[in-house]
Each structure stands twice: as C-alpha cells, then as structure tokens.
Amino acid sequence: MALLEIENLYVRFDTKDGPIHAVNGVDLAIGENTVIAMVGESGSGKSVTALSSVGLLPFPGKILSGKVTLEGINVLELGSEELRRIRGPKIGMVFQDPRASLNPIIPIGTQVKEVLLAHTNMTDGEAVEYSLKVMADVGLPDPGKLLAQFPFQLSGGMCQRVMLSIALALKPKLLIADEPTSNLDSTLQAGILHQLKMLKEEHGTAILLITHDMGVVAQMADSVAVMYGGTIIEHSDSLGLFKTPAHPYTEGLFKSLPRLDDPEKRLATMKGNPPESGTLRDECPFISRCYKATSVCRTSPKPALRSIGENHKVACFNEIRYD
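Notes on the structure follow. Residue numbering note: each chain is counted from 1, following its sequence as written. The predicted origin of the model limits local features to residues at a pLDDT of at least 70 and limits the giving and counting of side-chain atom pairs to 80 or more, whereas totals for whole chains, interfaces and linings rest on all residues. Side-chain numbers come from the whole structure's heavy atoms, not from hydrogens or water.

Counting its regular elements, the protein chain contains 12 helices and 12 strands. Radius of gyration means the value over C-alpha atoms here, while the globule rule gives 2.2 Å times the residue count to the 0.38 power. At 21 Å, the protein chain has a C-alpha radius of gyration in line with the 20 Å of a compact globule built from 323 residues. Relative accessibility under 20% of the residue-type maximum defines a buried residue, over 50% an exposed one, and the middle range a partly exposed one, all with a 1.4 Å probe and only protein chains included. When each of the 323 residues of the protein chain is scored for burial, the buried share is 47%. We call two residues contacting when some pair of their heavy atoms lies within 4.5 Å. If you take every contact in the protein chain between residues at least 6 apart in sequence, the share linking residues at least 24 apart comes to 64%. Methods summary: accessible areas were calculated by the Shrake-Rupley approach with a probe of 1.4 Å, and residue burial reflects only the protein chains presented. Carbon and sulfur atoms form 52% of the exposed surface of the protein chain, whose accessible area is close to 15,800 Å². Per the convention used, a helix needs a DSSP run of H or I reaching at least four residues, while a strand needs a run of E reaching at least two, with both numbered from the N terminus.

Here it is as structure tokens:
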C-alpha cells in the first residue's frame with residue numbers, strides 16, 4: 001500500500017471572474033522512503049494538489065471530487081481535530097514563502113517548540129533543548145540567539161531553514177516540500193538538500209518535492225510527475241524521464257534548459273501560452289501548443305495516463321517514440 005495516494009482529485013476556485021479549475025483529475029501514489037518530484041510551470045496545480053492533500057486548501061478553493069488516503073485513511077473526510085493530529089507526526093510541510101508562513105510577532109523559538117509541545121509530552125525546557133538541536137541540524141548558526149529573534153530579523157534563507165526545522169522536528173512519515181530551495185544561493189541549497197536526503201535515509205521519510213529546478217530533480221528524485229493544466233501528463237523514474245521524455249511538453253521543458261556540455265546552444269521556446277484555468281475543456285490541455293497534435297487529439301476526451309514502459313506513464317495520443 002502507498003503511504004499517500006491521490007485518486008482522481010478535482011479542485012476548483014470560485015472567483016468573481018468565474019471558476020478556476022486548478023486541479024483536474026490528478027492521480028499520484030507516494031511510497032515510503034521515496035522522493036517524488038512534481039514539476040511544471042507556475043499555475044499548473046502543483047501547490048494546490050499538495051495543500052489539498054493536507055487539508056490546507058485556502059478559500060475559496062473547493063474539492064469537487066477525489067480521494068486522498070494517508071496509510072489507508074481518507075484525509076478529505078477528517079475533521080479539524082483529526083487533521084491536527086496527523087500534521088506534524090505523519091505529514092510535515094515546508095511552504096513556498098517562508099516569511100509569510102512564520103508568524104511575524106512571535107519569536108522563532110516559540111514557533112519551533114510549539115509543534116513539540118502540541119504533539120509530544122515534552123516539558124517546556126525539553127522542547128527548548130530539542131528546538132536548539134533541530135535548528136542546528138538544518139545549519140542555522142547560533143540557534144540559541146535565534147530563539148529570541150523574530151522572522152523579520154532573519155534572511156530569507158534562514159527563514160526557510162527555520163521552516164524546515166519545524167517540519168522535521170517530529171520526523172514525519174511524509175514531507176511535502178514546496179520550492180524548498182527557491183531564492184537560496186548554491187551553498188544554502190546544497191545544505192537543505194543534504195538535510196532532506198538524511199531525513200529519507202535515516203528515518204525512511206517519503207518526500208513530495210515541488211520544484212522548478214531540474215537540477216534539484218536530477219539530484220534528489222526517484223521519480224518525477226510532470227504537471228500541466230492541472231493534470232499529470234507524464235510520470236516516470238527520474239533517469240528515464242531525463243533520457244526519454246515521451247510527452248511533447250516534457251520534451252519542451254528539457255529543450256529550454258541550458259546545458260554545460262553545449263553552452264553555445266540556443267534555448268528552445270514553446271509557442272503559445274499555458275491554458276486559462278477558467279476555460280479548460282475536457283481535452284488535452286497542451287493541444288494548442290503541441291507540434292504533434294492530430295485530429296484524434298481534437299476530437300477525443302483528455303487522454304488518461306497509460307503505461308508505455310517500465311515505470312513510465314504518459315497522457316498523450318502521439319507520444320514521442322525512441323526506436
């Protein structure tokens with residue numbers, strides 16, 4: 001059984017300008033001790049999928065249908081108190097904007113230790129000592145001094161590591177990391193990725209890694225789910241995806257990346273724009289930008305993910321073939 005399984009998830013935001021179909025039938029399974037990267041353009045539904053999985057979908061978001069099971073329990077059917085009990089011990093989350101995720105008027109030390117006091121039998125003194133340890137583990141300098149400081153006194157990278165220390169404090173079975181290395185220099189990025197690897201290796205933690213950085217994907221991920229237009233259009237083991245991308249969109253992503261072995265090569269661009277979330281129809285969301293689109297793409301419902309090889313699935317009628 002998968003640790004976390006998302007089945008046919010649909011999420012909509014009802015706004016004054018009309019409905020926004022943010023997630024349109026996502027299926028994803030995450031096993032123990034694995035790292036799955038979720039990649040795609042901004043607005044493709046990655047963060048909304050993650051927030052829906054932990055019961056944190058913001059207003060006016062609405063889950064229309066689907067199922068999210070954690071160790072066999074449907075998260076979408078849990079009440080607020082039941083959700084509180086699984087957040088922390090079972091699921092940890094590093095949010096995309098660490099400054100916005102930390103309370104600006106509460107000291108850092110209080111914010112780190114409160115997760116320990118809420119979910120363990122530690123005394124206040126024990127929670128402080130353990131807070132110092134987890135903050136040091138993520139590379140925060142002089143954690144004793146940081147305990148009394150406020151988020152505005154820290155850099156963006158330090159706030160990110162504070163968020164990581166909170167997420168890792170209870171050694172969760174699943175960690176959802178939404179752009180954990182964005183806006184960090186290469187040294188800090190390497191340190192955070194090292195901490196994520198150690199968490200996986202030492203505690204068997206599964207990680208859902210949401211990122212735009214394909215270098216991070218290559219370094220960290222066991223498998224990769226590519227999202228476009230609110231749906232997963234390709235899912236493969238990491239090496240297979242980099243070697244033989246099957247969906248035209250995935251191919252376009254890789255062609256747009258600069259290469260160290262060919263620095264003079266011009267980067268390819270994709271014509272057109274991502275689909276408007278309010279006008280998505282039951283067809284392939286990439287159809288207007290796809291160079292392989294045929295009549296079957298225009299007259300058939302949206303293609304479902306289907307297997308084209310070992311650990312490789314694609315949602316395309318005319319996938320790229322490597323003969």
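When the charged atoms of two side chains with opposite charge come close together, those side chains can pair. Put simply, a salt bridge is a Lys or Arg side-chain nitrogen that is within 4 Å of an Asp or Glu carboxyl oxygen. Counted by the stated rule, this structure contains 12 salt bridges. Aspartate 137 serves as the salt-bridge partner of lysine 133, at 2.9 Å between the closest nitrogen and oxygen. Of this pair, lysine 133 and aspartate 137 both sit in helix 5 (residues 124-137), 4 residues apart, roughly one helical turn. Residues joined by salt bridges that share partners form a network here, namely Arg12, Asp14 and Lys62.

Within the secondary structure layout, glycine 66 lies in strand 4 (residues 61-70). Owing to a relative accessible area of 35%, glycine 66 belongs among the partly exposed residues under this scheme. Considering only alpha carbons, one finds glycine 66 and valine 115, 49 residues apart in sequence, at a separation of 30 Å. Excluding anything up to four places from it in sequence, glycine 66 contacts Glu7, Asn8, Leu9 and Leu76.

This next bit is on helix 4 (residues 108-119). Among all positions of helix 4, only Ile108, Gly109, Gln111, Val112, Lys113, Val115 and Leu116 are buried. Residues of helix 4 that are buried in the fold lie against helix 5, helix 6 (143-146) and helix 7 (156-168).

Strand order in the open sheet formed by 4 strands is 2-1-4-5, with antiparallel pairing between adjacent strands. Pairing within the sheet leaves two strands with one partner each, and these edge strands are strand 2 (18-30) and strand 5 (73-74). Following DSSP output, two strands are said to pair if at least two bridges run between them. With 2 bridges connecting them, strand 4 and strand 5 associate as antiparallel partners. If you follow threonine 69 over to strand 5, its bridge partner there is asparagine 74. To get an axis, fit a line to the C-alpha atoms, keeping to the stretch in contact for a helix; angles then go from 0 to 180 degrees between the N-to-C directions. Against the sheet, helix 1 (residues 46-53) makes contact with strand 1 (4-15), strand 2 and strand 4, and its axis sits at roughly 110° relative to strand 1, the strand it touches most.

In short, shape yes, function no, at least from these values alone.
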